Structure formats: structure tokens, C-alpha cells
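Fold and contact review
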Amino acid sequence: MIFKYLSFICSLLITLLISVNSFANSATSKMWPGSQYRDAIPTFEQVLGYEVGDRITNHHDMLRYFEALESAEPDKIKLFEYGRTWEGRKLIYVAIGSADNIADLEGFANKMQQLSDPRKTDKQTAKKLIAQLPVSVWLGYGVHGNEISSTDAAMMMAYHLLAAPDEPTNQKILANTIVFIDPLQNPDGRTRFTSRYYSTVGMEHSDDRLSAEHNEPWPSGRSNHYLFDMNRDWLAITQPETAGRIKTINHYRPLVVIDLHEMGGDQSYYFSPSAQPFNPHMTKTQIDNIAIVGRNNGKHFDRLGFDFFTREIFDAFYPGYGDSWPTFYGASASTYEVSSSRGEIFKKATGEILTYFNTVHRHFVASVSTAEAVSDNHKKLLNDYYQYQVNAISAGEDKKERVYILPNQLNKAGTHRLATLMAQHDIDVHRAKEAFKSCGKKYQAGTYFIDSAQPKGRFVTTTFSKQVDMDSKFIKEQERRRSRKLHDEIYDTTGWSLPLMFDVDVEHCSKPISIATERVNADDQLIGDVSNIDATVGYVVNWGDMAAGRFLTAALLKGIAVKSADKAFVLDNKHQFSAGSLIIEKRANDENLASEIAKIATQTGAIVTGVNTSWVTEGPSFGSDNSVKMVAPKIAMAWDEPVSSLSAGNSRFVIERQFNYPVTAIRTPMLKRADLSHYHVLILPSGNYMDALGETGADNIKQWIKRGGVLITFGQATKFAADQTIGLLDVKRERAFKDESDEKKPTKESEKESEVDGQLFTSKESLIKASENIKEKPDFVAGVLANIEVDQEHWLTAGVNQQLAAIAYGNDIYTPIKLASGKNVAWFSGPENVLASGYLWEENKKQLAYKPYLIHQPMAKGMVISFTQEPTTRAYLDGLNVMLLNTIFRSAAHAAPLR
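Residues numbered from 1 in each chain as written. Predicted model: local features only at pLDDT ≥ 70, side-chain atom pairs only at ≥ 80, totals over all residues. Heavy atoms only, no water.

Remarks on the overall build of the protein chain
- Helix and strand content of the protein chain: 27 helices and 37 strands.
- By the compact-globule yardstick of 29 Å for 899 residues, the protein chain fits well, its C-alpha radius of gyration being 30 Å.
- Counting only C-alpha atoms, the protein chain reaches 110 × 80 × 60 Å along its principal axes.
- Looking at the protein chain as a whole, 59% of its 899 residues are labelled buried.
- Long-range pairs, those at least 24 residues apart, make up 79% of the contacts in the protein chain with a sequence separation of at least 6.
- Roughly 38000 Å² of accessible area belongs to the protein chain as shown, and the carbon and sulfur atoms make up 49% of that amount. (Helix = DSSP H or I, 4+ residues; strand = E, 2+ residues; numbered from the N terminus. Rg over C-alpha atoms; globule rule 2.2 N^0.38 Å. Buried < 20%, exposed > 50% of the residue type's maximum accessible area, 1.4 Å probe, protein only. Contact = heavy atoms within 4.5 Å. Areas by Shrake-Rupley, 256 points an atom, 1.4 Å probe, with all protein chains shown as cover.)

Take a look at the structure:
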């Protein structure tokens, strides 16, 4: 009996030793050496059947794991849904902390809201709040769906905090910190990546960068359903993922926000501090605080033998990133980037093997280290946060342009969109209940205004200012690099003024406005109106904003007969209507027209005028050839390689979700021979079409155009159309302009010779000039807002303002089209005025001046319409939407196919 008992004890001990030894060698135990994990918290293997870092977790399994963690420890982790993707997938975040802090999350949020507004919370009250409050950190993972490691790191971070509460670092974190984890910001993109990756893997995973699993098909998993780069969506908030995230972050106001990414597999790891330039409206304290976090990361990376770097790339200038937007409510923020395995295994250029576990491990360590730094600086961060709000209000009070006034006269839909967008950013926006006077000027009731003397005033300033300057030393260095023919270090667009991009008039006053107002909310609807609903002749909708545009698309989809005037007109000496205005005649429509008009006006916010006469005293009559019958066009769009996925996604989104009109995506190679006769409009988003379509595809499209089709090209697609072998557009791209009056040009003969005539160089500049290529492109531009001027006499620009702002990006500049071939309908302003916002090389200013932006070329019964830049970039160029509506809907009406 004793022998059996001893045998049982020995067997049990051996089992335990094997179990302990197995765990000691497991992937989990290696993540944070020395940690002891509780059995009560489920591991990866118990829930998912594999160890952390062994497999790329998909969205569904990620949800399962966090649900399992919440079920196991409900007092210390709470899971919340903050939205759904376009494809219906859940967007979640979790809060992890002590039982007391998790039980009082809403109390925490309320206190953070109090601390966020010194207008209501004085210093003494703030001091009491700071003594009570935990600090918080927001860790956002996987905004780019093919940057895969961060989601598994998020899962491990949650497990580590819950399963090892007695580990010394965790003890500090859980004592005074709430850790918010957004484990997967882009479920649709990640699902696209993981399903393709695992469907490509063969008998074993390949580490070869040439292998199929390391080369994603179009579109990559980086973007969401509408192919948006959501790390650039924090300004315009066009996507549901971004909207839900911003609403949640505004609710809790975490003091440190980290956005975890991946970069090229041959690199190491990047964290704060950021590269130059910083946005000048960030504060030194914020920058110093995130540097403290970075230094703590460096300490742990050194301890574990991980390579890293800081400061060299990834600047903090553009305010629309996930690591810059939070700084404008007072947080400190940073992006983290790990070398990507883009699968389970990858061979670096050095021959080193990078595993998926390696990448997950580094993001996990950086996550724990960040939370530790936040915990260690608990009181400092809270005090600095409150002081940020105080200083922001003070800075607004001292500004010459303190109050931004939106008169809401010409572009009512755009003004409403901008006002509600700022409210969505949690800015105090007010609508006047009465007429008022400010800085000597009168404004009507209904005028919106924003006082920058508020806690988020710096965000107002950086997004409403026409110009935000980069540091002069940084600019000087970029000009030096350019003079040496080195690439500049400007990372992204340098111009983003929202009023310019939305084509909204904004005026300023240095004094506060004290009148009866109502606060604007993000979900406020634009109010439409129909005057004279019982009109006997019909209805007219003045053209010129998105409310009228959405009215048009809704009417066409309902089968309502609509005309559009090519020119402005006056009705019966009373009512003036702009070019493009919509005419809906009762005689051409069903008996229920009035009720349909009322419904559409309510849905779209359009202003509709009922008319009892069609007597026009100036401009085209209702029955004139200049009042064209609109058609409900069938729109096709090139999709798949070689189209830019961003351009395709942005463009489709604008048409489908802003214009509310369907688009048919056609894979690009099919356009080579497809019968397009049942389409009215074909859109080629930016892309390199030469190989995919070539002359055969161009000829097929050309024959369709001649039969009455409308081809619209954006950006690089215009380069394809303008190629002389393609012959769709009668313009050419320009080389860089050079003043060569004092230079000797080589002859064709001398270029072929092995020897040339001797030259005398008198300076280093002579050496540089002689080293330059004779046929260079203009210097590349990372993105600015440029002023464009618009022809006011062409039907294509009906209702479009005389001057707009557009993105100028890259280095494609085109010659004007000759009048014998077509019309330059919009063009860049002169050299002194072409730059609206941002930083543009002086040579580009000169060469871009007066060059075409929008080109119209008739072709038999159809036409080609080309944008030399992209009008749908990031879907935040709302001010160009009426022009784009015209190019799609008015062009289809002006083409002459057999109906």
C-alpha cells in the first residue's frame, strides 16, 4: 500500500516537473522573463490551440480569446464594442486595471471630462481630482490590417496583466493605471490578409521574400473595406472604424496613446521620440513626456538585447495620424514600428531569420514598458494634462484670429459638414440663435462659430489655419538636400486646412462672441426645405453644394425626370438660380412628385423652390437646349492591378457614400476587350495602365468613347491617357524647366562619342550643374494644397466656385490642351498664388503655375475628362465634390449615345 502511494506521489511530481519544465520552455514564459502566470487565466493554447506567436490570429479568434479573458476575470477586464466595420465585423476595446478602477470606469471618464475643462474645474478642484484619479494609456493595434504582429501582442499584453498580477512591473501598472487595449483597429483588412496568407502556404512556410505568401495580391490587407489608409483618416473621420475610435478616446481621454505598426522586415524597431518636424502646436511638455516613455522602452530593449532606433523617420507634423491627433486634446502619443515578418517566417537581407514570434515579442515588450512608464509618471502626466488645457485656453484668448466664424451663406452643406465634423472631434461649436455683429460685421442667425479659447483650441488652430509652418531649420536642411540631389525627408502632406479643403468661407474676430447660441452636435442633420410644395409647374434646386448633389442622385435613382441648366437663369424677374440648377417639371413626372420631392429634401438637406411658372427672363429657358435632361448613368470603375488601391477606394467611397450612388467595379484587364456599351461613364483611378491595357485596351475604350461614352481619369491615369502611343488625351507631361542659356547642350553626336570637348569649371555649382541629368522630371512634392482657378463659362463647371483648393502631389505637370482639341476647364493659379497651404519648392511653384488641373476633350459622341491630380484623396477634398459630380452626371447628360 505504501509502495503504491509513493509511486503515485512520484508520478505526480514527475508530471508537475514535466509541466513546469514545459511551461519554462514555452513561448509565453519567454515573453517577460521571470513572470509566474496563474492557471485561472486561459492561455492562447487553451483557447485557440496554439502558442503565442506560433500563428497569425484572425479576427474571430481574437474575439474568442478576449471573451475568454473577460469570462475568467470579469472584475479586472471589461470588453466593449465600439462599432462595426463596413463588412459587419465587431470593433472592440478592453479596459484592464484593478477591480476598483474597472468597477468605476464611468466615474473615471466623468472625472477626466472635468479635468479636461478648466472653464468648469478650477485648480483646487483639479488638484483633488488628480489625487483621486488613476492614469490611463491607450494601446491601439493593427490599424493596417497586414501589419499583423500587434494584434497577437495585444492579446499577450492582456493575458500578461491578468495572469501575472504579482509580477513587479504589473503590480505598479495595476495599482494606478487603466490600460485600454484596442486589439484590432482594422478587422476587414486583417481578415483579407490572413485568409489569403494561409490559403497560399504550402507544405511549409517560406522565408523567401519572393514567395507568394510574402507578396499580397491586390488590394493588400493594409486598408479597410473601402481601401482607406485609416491612419490618415483622423481628420475627416470618413470611416466607421475611425468614428467609433475617436468617440471612445474622447470619452476616456487617455494621457498616453500608442499606435503600433510594422515596417520593412530588414529594419529593427522604432519608437519615440519622433523625427523632425513636430507640429508647432504641440507643446514641449508633451514631446518630453513621450520621450520619457521612449527611454523606458530603450531600457527594456537593452535588457532583452533588442535593436531599436528613434528620431530618424516618422515625424509628428501632420495632425491626422493616430499618433498625432491625440496630442491636440492634451495627450502624449507615438507610433511604434516593428520589422515585419509578413507571415510566420522571413529571411532578412543579412540572412537572419525573423519569426512571427520575434515581432509579437517586441511589440509586447514595448506595450508593457509603455504602461510601466505611464504608471511611474502617474501624477506628472495628470498635472501636465490639466495644465495643457489651461494653456490652450490662454493661447486662444491671445490670438488675433481667436474666433472662427462660418457665415454659412454660399456652401451651406459644406459649412454644416465642417461644423458637425468639428463637433465630432469634441470641439465646442456654436450656432447663433439670432443675428449678431462681430468685429464690425453683421451675421445672420444660424451662423456657426468656434472660439479657439477652449481646451481643444490648438486643434482648431492647426486645422483651420491656412498655413502651419515647419521648423525653419528643417526646411533649410531639406533645401540643402535637394540641392545635392538627395531625397528630402518630408514624410507626408504639408497642407491640410479644413476650410480650404471643404471650400467653406471662414472669417475671424479677435474678440469673443456673447449671444444666445445652441451647441452643435456631431449627429445634427442638415435641414432641407421645400417652399411652395403645391407648385403648379415644378421645382428648382439651386446647384452648388452637396445637398443639391445628393438631391440629384436620389431623384435619379427614384426615376424622377430632372433637367439641369448649363447657365445661370432668372425666373420671372424674381428668382435667381446658378448654373447647374436642377429643374423638376410636374408634367414630366408622376402624380406623387410633390411627396417625393419633400422626402428627398428632408433626406438630403436640399433647399427646393416650388415654381408656378417656367417664364425665364434671363438665361436658358426650361425647354432650351442649354437645359439638358439628366440621365441616371451606369458608372464603371477600373479595379484591381495596376490601379492604386487608395485611389480606387477613395473614389468609390466618395461616389457611393458621399454622393449615394452605386459604382460597378470592373477588373482592369477586362477593360481591354469588354463590351462597355451599357455603361455611360468609365472612371480610371490613378494607376499605371500601360502594361495592363496598352494600345489594345486604349483602342477599345476609344471606340466606346466615340459612341458616346465618358472617360474620366485621375492622377496617374491621366499620364496613361496622355501617352502619345495611347492617344486618348491631347496633352503631354513636362520635364523640369531649366534655364540653360549659359549651358552648352550636348549634341546627339557628342552623346555617342567616348570623348567630349573640354569644359572649364569655375565653382562647385558648375560641377553640380554638369552632374545633372538633361531630361529631369520636376522635383517630387509630398503634398500641398494648391489654388486652382475655374472657367465659369463651361457647362462642366456649372455651380463651381471660381477658386478652389486641391491637392498637388508628385511631379506630373501637363501642357495645356490646344483649343482645337478641347478646353482647359480649371488650372493652377499663378506663381505668386498657387500655394494655398503647405511647403512647395520654388521651382515647382513657377512651373505649376497656369498649368491645367481639369481638362475636357470631346471625342465624337463622347468625351475624355482628365484630372491631372486626384480629386478624391482621403475623401477629404469636399470642396471639389461639385466639380466631380459635374464630371460624372452632367457629362453623361452632355454625351450623345443612342439612348
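Having seen the structure, we can now continue with the description.
Observations regarding the state of the cysteines
- In total, this model carries one disulfide according to the counting rule given.
- One disulfide bridge connects Cys439 with Cys509, the sulfur atoms lying 1.8 Å from each other. Taking the sign of the torsion about the S-S bond as the criterion, the disulfide between Cys439 and Cys509, at about 75 degrees, is right-handed. Taken together, the residues span a long stretch of sequence, with Cys439 in the loop between β14 (436-438) and β15 (441-443) and Cys509 in strand β17 (residues 507-509) at a distance of 70 residues.
- The exposure class of Cys439 is partly exposed, given its relative accessible area of 46%. (Disulfide = S-S within 2.5 Å.)

Side note on the pairing of strand β33 (residues 803-810)
- Among the eight residues that make up β33, six are buried, leaving the element largely enclosed by the rest of the structure.
- Where strand β32 (residues 781-790) lies against β33, seven bridges are found, and the strand directions are antiparallel. By the bridge assignment for β33, Leu785 is matched with Ile807. (Pairing = 2+ DSSP bridges.)

Quick word on the sheet that holds strand β23 (residues 575-577)
- Read across the open sheet, the three strands follow the order β23-β22-β26; overall the sheet is antiparallel. At either end of the open sheet lies a strand with only one pairing partner, and these are β23 and β26 (616-618). Between one strand and the next, the sheet's axes are offset by a mean angle of 35 degrees, whatever the strand orientation.
- Pairing analysis gives three bridges linking strand β22 (residues 569-571) to β23, with the strands arranged antiparallel. Across the sheet, residue Phe569 finds its bridge partner in β23, namely Phe577. (Axes fitted to C-alpha atoms, helices over the stretch in contact; angles between N-to-C directions.)

A look at the confidence of the model for the protein chain
- For the protein chain, the average pLDDT comes to 94, and 95% of its residues sit at 70 or higher.
- This stretch, residues 8-22, has a pLDDT under 50; its non-local contacts, to residues over four places away or in other chains, come to zero contacts. (pLDDT = per-residue confidence, 0-100.)

A look at helix α12 (residues 284-304)
- The first and last C-alpha atoms of α12 sit 30 Å apart over 21 residues, in line with the 30 Å expected at 1.5 Å per residue.
- Structurally, α12 contributes buried residues whose contacts are with β5 (256-263), β6 (269-270), β9 (332-339), α13 (356-376) and α14 (378-397).
- Downstream of α12 by one or two residues, Gly305 has phi in the positive range, about 75 degrees. (Expected span 1.5 Å × (residues − 1).)

Some details on the pairing of strand β29 (residues 664-667)
- Alignment of strand β28 (residues 635-639) against β29, held across four bridges, turns out to be parallel. Residue pairing for β29: Trp639 is matched across the bridge by Arg667.
- With helix α21 (residues 645-658) bridging β28 and the parallel β29, this β-α-β connection has right-handed handedness. (Right-handed = clockwise from strand over helix to strand, strands pointing away.)

Things to note about the environment of Leu804
- Considering the arrangement of structural elements, one finds Leu804 in strand β33.
- The sequence separation of Leu804 and Phe502 amounts to 302 residues, and the corresponding C-alpha distance is 9.0 Å.
- Discounting residues that sit within four places of it in the chain, Leu804 has contacts with Asp503, Ala786, Asn787, Ile788, Val790, Gly879, Leu880 and Met883.

Some details on the environment of Ser211
- Among the secondary structure elements, Ser211 is positioned in the loop between α10 (187-200) and α11 (240-252).
- Separated by 548 residues in the primary sequence, Ser211 and Gln759 place their C-alpha atoms 51 Å from one another.

A look at the side chain of Asn811
- Locating Asn811 in the fold gives a position in the loop between β33 and β34 (823-828).
- A polar side-chain atom of Asn811 sits 3.2 Å from the main-chain carbonyl oxygen of Pro778.
- In contact with Asn811, not counting residues within four places along its chain, are Lys777, Pro778, Asp779 and Phe780. (Polar contact = N/O pair within 3.5 Å; in protein donor to acceptor, adjacent residues only side chain to side chain.)

Regarding the sheet that holds strand β21 (residues 563-565)
- If you walk across this open sheet you meet the six strands as β19-β25-β20-β24-β21-β27, and the pairing is mixed. If you trace the sheet from one side to the other, it starts and ends with β19 (529-531) and β27 (627-629), each paired once. Taken pair by pair, the neighbouring strands of this sheet meet at an average axis angle of 25 degrees, ignoring direction.
- Sheet topology places β21 next to strand β24 (residues 582-585); two bridges connect them, and they run antiparallel. In the sheet register, Lys563 faces β24, and the bridge partner there is Ile583.
- Along the sheet, helix α20 (residues 593-604) makes contact with β19, β20 (538-541), β24 and β25 (607-611), crossing β19 at roughly 145 degrees.
- On the sheet, helix α27 (residues 881-894) packs against β21 and β27 and is oriented at approximately 90 degrees with respect to β27.

Some thoughts on unusual backbone geometry
- Cis peptide bonds are those with omega within 30 degrees of zero, and the linkage from Ser272 to Pro273 qualifies with 10 degrees.
- With a phi angle near 50 degrees, Cys439 is a residue other than glycine that sits in the positive phi range.

Remarks on the side chain of Lys851
- As for its position among the elements, Lys851 is in the loop between α26 (842-848) and β36 (852-859).
- Residue contacts for Lys851: discarding those within four places in its chain leaves Glu734, Ile813, Tyr814, Trp827 and Phe828.

Overview of the pattern of salt bridges
- According to the stated counting rule, one finds 43 salt bridges in the structure shown.
- Residue Arg84 pairs with Glu81 through a salt bridge whose shortest N-O separation is 2.6 Å.
- Judged by relative accessible area, Arg84 falls into the partly exposed class, the value being 41%.
- Linking Lys380 and Asp384 is a salt bridge whose minimum nitrogen-to-oxygen distance equals 2.7 Å. Highlighted residues: Lys380 and Asp384, both in helix α14, separated by four residues, approximately one helical turn.
- Through salt bridges with shared partners, a single ionic network connects Glu147, Arg222, Asp229, Arg232, Asp492 and Arg874. (Salt bridge = Lys/Arg side-chain N within 4 Å of Asp/Glu carboxyl O.)

Quick notes on the packing of aromatic side chains
- One pass over the structure, following the stated rule, counts 48 aromatic pairs.
- Ring plane angle 85 degrees and centroid distance 5.6 Å describe the contact between Tyr839 and Trp841, whose orientation is recorded as edge-to-face.
- Judged by relative accessible area, Trp841 falls into the buried class, the value being 3%.
- Here the aromatic cluster, defined as three or more aromatic residues joined through ring pairs, consists of Tyr270, Phe309, Phe314, Phe317, Tyr318, Tyr321, Tyr491 and Trp496.
- The ring centre of Tyr388 lies 4.7 Å from the NZ or CZ of Arg458, which sits over that ring.
- The positively charged end of Lys634 is found above the aromatic ring belonging to Tyr679, 5.3 Å away from the centroid. (Phe/Tyr/Trp six-rings, centres within 6.5 Å; stacked < 30°, edge-to-face > 60°. Lys NZ or Arg CZ within 6 Å of the ring centre and 35° of its normal.)

Brief notes about the packing of helix α6 (residues 105-115) against helix α7 (residues 123-132)
- Two elements in contact, α6 and α7, have axes whose closest approach is 10 Å; the angle formed by their N-to-C orientations is 145 degrees. Taken as a pair, α6 and α7 cross one another with a handedness that is left-handed. When α6 is examined against α7, the residues Lys111, Gln114 and Leu115 are found in contact with a partner set consisting of Ala126, Leu129, Ile130 and Gln132.
- Looking at the contact of α6 with α7 residue by residue, the class counts come to four nonpolar, two polar and one charged. (Left-handed = near helix turned anticlockwise from the far one by under 90°. Nonpolar A, V, L, I, M, F, W, Y, C, P; charged D, E, K, R; others polar.)

Some remarks on the environment of Asp503
- Within the secondary structure, Asp503 sits in the loop between α18 (498-502) and β17.
- Of the residues examined, Asp503 reaches a relative accessible area of 17% and is grouped as buried.
- Sequence separation of Asp503 and Ile102 is 401 residues, and the distance between their C-alpha atoms is 45 Å.
- Not counting the four nearest positions on each side in its chain, Asp503 is found in contact with Asn411, Asn801, Gln803, Leu804 and Gly879.
- In this structure the side chain of Asp503 is engaged in a polar contact, spanning 2.8 Å, whose partner is the side chain of Asn801.

Some thoughts on α11
- Compared with the 18 Å implied by 1.5 Å per residue over 13 residues, the 19 Å span of α11 between its first and last C-alpha is a close match.
- Among the residues of α11, Glu241, Thr242, Gly244, Arg245, Ile246, Thr248, Ile249, Asn250 and Tyr252 are the ones counted as buried.
- Looking one or two residues past α11, Arg253 carries a phi angle of roughly 55 degrees, positive in sign.

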